[in-house]
Amino acid sequence: QTPNASDQGISARLQVASGLSLLEGRKYKMAARKFLETPFEPAAITAWNDVIAPQDIATYGALMALASFDRQELKKKVLDNAVFRNYLELTPELRELLNDFYDSKYTSMLRHLENIRSDVQLDLHLGPHVSSLYEKIRSKALIQYFTPFSSVDLNTMATSFNTTPSLLEKELAKLITEGSIQARIDSHNKRLYARQTDDRSSTFEAALRAGDEYQRNTLALLQRVSLMKNDMVVKQLRRDDKDK
């Protein structure tokens, strides 16, 4: 074994150990980065075989990235990651899952998630986190679905996410309450509308408030000057009375 191969093995073992520790602490984004940065070398593969399999590296990295990365991070750090792509080649369904999420193919993406659910639930390290990760991934998909539009049909959206309009409304209401989606639900017409901020209106209102404050301050100053002036007049009259 060459010194370089040995170094790769040590590096892989350290990355895996760190990733598992962060996973245990539910620090999913940081854990994802560790697994995504794990070297893919023959020596590195044997280095973690007694702890974790290469397919597990793909699963952990992919699911935690989906749950915590934004769209740009997913593209740059996962899909365009030449090293991690080697792991994904060992797990074709995960590779398809990632591509479907990025390409907004939500029905297919959710099907892939369900296909691997039973396996990941049995995983020693990932099992306790599956429910939380799946919820985060689904929420991100809902947000990503709605983001490009000013309004969407809830019936169509429900079909894409394999649910009913009423159950979808509950999911969306939670995201709205949390501030994850700036929108309002029209239950009668089964539509979701974006809450759009009118920048010109906001600027005008701010200007009006500033004007009102300036007017109040000016009036207060004039009153103060008037009181001071009247007080001076009264003092002058008192002096004149004393001189008489």
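Residues numbered from 1 in each chain as written. Predicted model: local features only at pLDDT ≥ 70, side-chain atom pairs only at ≥ 80, totals over all residues. Heavy atoms only, no water.

### Brief notes about the side chain of Asp100
Our working rule: Only DSSP runs of H or I covering at least 4 residues are called helices, and only runs of E covering at least 2 are called strands; the numbering of each starts at the N terminus. Between buried and exposed lies partly exposed: a residue is buried under 20% and exposed over 50% of the maximum accessible area for its type, with that area taken using a 1.4 Å probe on protein chains only. This count recognises Lys and Arg as positive and Asp and Glu as negative, with His and chain-terminal groups excluded. A side-chain nitrogen of Lys or Arg and a carboxyl oxygen of Asp or Glu constitute a salt bridge if their distance falls within 4 Å. The contact criterion used is simple: two residues touch if any of their non-hydrogen atoms lie within 4.5 Å.
Its location among the elements puts Asp100 in helix α7 (residues 92–102). This buried residue, Asp100, is left without a salt bridge; Lys105 holds the nearest opposite charge, at 4.8 Å. Beyond its immediate stretch of four places on either side in the chain, Asp100 contacts Lys105, Ser108, Met109 and His112.

### Regarding the pairing of strand β2 (residues 183–186)
Convention followed: In this description, strands pair whenever DSSP reports at least two bridges between them.
By the bridge criterion, 4 bridges tie β2 to strand β3 (residues 191–194) in an arrangement that is antiparallel. In the sheet register, Ala183 faces β3, and the bridge partner there is Ala194. Linking two consecutive strands that pair antiparallel, namely β2 and β3, is a turn of 4 residues; a positive phi of about 55° is found at Lys190 within it.

### Brief notes about the confidence of the model for the protein
Inclusion rule: Note on scores: pLDDT gives the predictor's confidence for each residue, bounded by 0 and 100.
For the protein, the average pLDDT comes to 86, and 80% of its residues sit at 70 or higher. pLDDT under 50 marks residues 198–202. Its contacts with residues more than four places away, or in other chains, come to 1 contact.

### Things to note about the environment of Ala62
Here Ala62 shows up in helix α4 (residues 54–68). Taking the relative accessible area as the measure of exposure, Ala62 reaches 0% and is therefore buried. Taking the C-alpha atoms as reference points, Ala62 and Leu88, separated by 26 residues in sequence, lie 8.5 Å from one another. With residues up to four places along the chain from it excluded, the contact list for Ala62 reads Phe84, Leu94 and Leu98.

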